[in-house]
Amino acid sequence: MGTFLTNSSIGRKLVMSITGAFLVLFITFHMAMNLVALISTEGYNMICEFLGANWYALVATVILAAGVVVHFVYAFILTFQNRKARGNVRYAVTSGHKGVDWASQNMLVLGIIVIGGLAIHMIHFWSKMQLQEIMGNHENALGYAVTDGSALIAYTFSNPINVIVYLVWFAALWFHLSHGIWSMFQSLGWANQTWYPRLKCLATAWTTLIVLGFAAVAIGFYIKSLGCCAGC
Amino acid sequence: MNFTLKIWRQKDAKSAGKFVEYPIKNISPDTSFLEMLDILNNELIQKGEEPVAFDHDCREGICGMCSLHINGHAHGPSQAVTTCQMYMRKFKDGDTITIEPWRSAAFPVIRDLVVNRGAYDQILQAGGFVSVRTNSVPDGNAIPIPKADADESMDAAACIGCGACAATCKNGSAMLFVAARVSSLAKLPQGRVEGARRAKAMVAKMDELGFGNCTNTGACEAECPKAISIAHIARLNREFLSAKLKD
Ligand code: HEM
Ligand code: SF4
Ligand code: FES
C-alpha cells in the first residue's frame, strides 16, 4: 500500500511535506527553548539536563535525525528527477513570472545551506554536550559540564565570526521556510483560493518569528560578551 | 512596426537546431502574432527558403494548438491569453523578439517551433473521461448542482491542453493540466463517482511519462493562458492522497 510514497510524485511530495512539518515543529520548540537562555542561566541548564543522554531524549534525537535524513534524501531525489524532466535544452531567454517567489525555485540550495549550518551547529553544541554524555564524560574539552548549555552559548557567541555564520544560516532558513510552510499545506491538499493569502501570511509570520528568536539569542549573547552591561 | 525575430530553426527531431535572425518590416500594430509569422513565411517562400513550422489551428484561443515561448514567456508577455490572441502592439517598435519551442523532456521538438504534445493525450486517455452512462440530454434541473461547484468545474474545464504549464515549470511538471482535468470532473456528480480511479490513473500515467514533481512554485498558474488556479493542484493532491490511503 505504501509504495506510492516512493513511486508516485504526489506520494513523494507527501513525504517531503510531513518530514518538513515535523522539522518545523521541532525548530519552533528549539527556538522557544533557546529564549530561556536569555532570561535564566539556571532555567536553561535545567532544560539541557532534562534533554541529556537519557532514553527519551535519545529516542527523540534518533527520530529527529531520521526526519532530517529522509527530508534531505527526498530533496535530492526530487530535484534530480525534476532536472531530468526539464530536459537538457534550456530556454535562451527566461524572465521572472508574476507571483513566483525566489525561494520556491531555490529550495535545494537553501536546504543545503541549512544542513551546512546544522553541521557546524552540531559541532559547536551537540558534540560538546549530548555526545560527551553518551561517551560517559562529565566535562567537555572546553572544561564545561556537559549540561552547561548556557556557558557553551556564551562561549560560542562571544566570537563575532560565529555570530555572522549563524545569521547567514538563519537567513537561509527564513527563505526555505517562507516557501516551505505554505507549500507543505498545498502538498497535503489543504489549500484553496481563500486560504492562499492566509497560508502565505502564516508562513511569513511563523518563519520570521523563528528566525528572530534564534537571532536574538546569538546577538544577545554577543552583546553580553562585550561586557558593556556588567549587571546582567 | 519593424522587428528583429530570433527564431529557433531545427530540421527534424534528430538534427541539432540553432537560432536564425530575420528582420521583418512594416507590420501593423493590429497584426496578430501568428499573422506576423504568416507574413514572414510568405517572404521566406518568395525567397525560396523553408518557411518556419509552428503549430496553430483555431486562432481564437480554444484549441490549444498554438504554443511558442516568446521573450521568456509561454504564450508571450500578455497575461491569460494564448499566442494566437496576442497582437504586435504588445511589443515596441524595433524590438528583438526571441521565439522558442516548448522545452521539456516530455515534449520533444519535431521541427522548428513544433513539439510533440502527445504525452498530454496519453494522460487524458489514462482517465480524463467519464465512463458512466449519462444517456440522452437530461432535464437541466434534474440534478441540482450548487452554483459554486459548477463555476469551479467550468473554470477548470477552460484548460485547452496547450502544454504551457509543463513548458514553463522549472520541474517539468504537468500537475496544472492534470489537476484541471481531475478537478473539472470531480466537482460534478457524473464525474465524482469515478474520482478516485481517475486521479490514480492520470497521476500514474503522468509519472510514467517522466514529468517532474511539483514543488509549488506557481509559475504554471502565472503563464497559463486560461489562468487555471493552483487551487486545483491542491484538490488533485487531496483526491490522489485520499484515494491511495483508502486502498
Ligand atoms: C537538510 C537540509 C534540507 C534540504 C536539502 C531541504 C530541501 C528541501 C526541498 C528541495 C524541498 C522541496 C520543495 C517543495 O517540495 O516544495 C523542501 C521542502 C520543505 N522543507 Fe526542506 N530542506 C532541508 C531542511 C529543512 C529543514 C531543517 C526544515 C525545517 C525546519 C525544512 C522544511 C521544509 C518544508 C516545510 C518544506 C515544504 C514541504 C512541501 O512543499 O510539501 N527543510 N526542502
Ligand atoms: S492548465 Fe493552462 S497551461 Fe496547462 S495545458 Fe491547460 S490551459 Fe495550458
Ligand atoms: S490556435 Fe487555437 S488556441 Fe491558439
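Residues numbered from 1 in each chain as written. Chains lettered and ligands numbered in written order. Predicted model: local features only at pLDDT ≥ 70, side-chain atom pairs only at ≥ 80, totals over all residues. Heavy atoms only, no water.

1. Quick look at the overall build of chain B
Consideration 1: A tally of regular secondary structure across chain B gives nine helices and seven strands.
Consideration 2: Seen through its principal axes, chain B has C-alpha atoms that stretch 60 × 40 × 35 Å.
Consideration 3: The buried share among the 247 residues of chain B stands at 51%.
Consideration 4: Long-range contacts, defined as pairs at least 24 residues apart, comprise 68% of the intrachain contacts of chain B with a sequence gap of at least 6.
Consideration 5: Taking the average place of the 29 positive charges on the side chains of chain B and the average place of its 28 negative ones, the gap between the two points comes to 5 Å. (Helix = DSSP H or I, 4+ residues; strand = E, 2+ residues; numbered from the N terminus. Buried < 20%, exposed > 50% of the residue type's maximum accessible area, 1.4 Å probe, protein only. Contact = heavy atoms within 4.5 Å. Lys, Arg positive; Asp, Glu negative; His and termini not counted. Charge placed at Lys NZ, Arg CZ, Asp CG, Glu CD.)

2. Observations regarding the site of ligand 2
Residue and element names in this part refer to chain B.
Consideration 1: As a structural note, the neighbourhood of ligand 2 is formed by 14 residues, with Cys159, Cys162, Gly163, Cys165 and Cys224 the closest of them.
Consideration 2: Of all elements in the fold, only helix H4 (164-168) and helix H5 (175-186) reach the threshold of two or more residues within the shell around ligand 2.
Consideration 3: Counted by class, the shell around ligand 2 contains 11 nonpolar, two polar and one charged residues. (Near = heavy atom within 4 Å. Nonpolar A, V, L, I, M, F, W, Y, C, P; charged D, E, K, R; others polar.)

3. Brief notes about the site of ligand 1
Consideration 1: Surveying the vicinity of ligand 1 reveals 24 residues, the closest of which are Lys13(A), His71(A), His176(A), Ser183(A) and Ser187(A).
Consideration 2: Each of chains A and B places residues near ligand 1.
Consideration 3: At a separation of 2.7 Å, an oxygen atom of ligand 1 approaches a polar side-chain atom of Lys13(A).
Consideration 4: Separating a nitrogen atom of ligand 1 from a side-chain N or O atom of His71(A) is a distance of 2.8 Å.
Consideration 5: Looking at the shell around ligand 1, the elements with two or more residues in it are helix H2 (9-39), helix H4 (55-86), helix H6 (107-124) and helix H9 (160-188) of chain A. (Polar contact = N/O pair within 3.5 Å; in protein donor to acceptor, adjacent residues only side chain to side chain.)

4. What about the packing of helix H7 (residues 195-208) of chain B against helix H9 (residues 231-246) of chain B?
All names here are of chain B.
Consideration 1: In contact at an axis separation of 9 Å, H7 and H9 are set at 105° when each is read in the N-to-C sense. Classified by the interaxial angle, the pair formed by H7 and H9 is roughly perpendicular. The segment H7 lies against H9, with Gly195, Ala196, Ala199, Lys200 and Val203 engaging Leu236, Glu239, Phe240, Ala243 and Lys244.
Consideration 2: Taken together, the residues that form the contact of H7 with H9 break down as six nonpolar, one polar and three charged. (Axes fitted to C-alpha atoms, helices over the stretch in contact; angles between N-to-C directions. Parallel < 35°, antiparallel > 145°, perpendicular 65-115°, else oblique.)

5. Looking at the sheet that holds strand E5 (residues 96-100) of chain B
Residues and elements named next belong to chain B.
Consideration 1: Strand order in the open sheet formed by five strands is E2-E1-E5-E3-E4, and the pairing between neighbours is mixed. Of all the strands in the sheet, the pair left with one neighbour each is strand E2 (18-24) and strand E4 (73-74).
Consideration 2: Examined bridge by bridge, strand E1 (residues 3-9) and E2 share seven bridges and lie antiparallel to one another. Looking at E2, one finds that Leu5 is bridged to Tyr22. (Pairing = 2+ DSSP bridges.)

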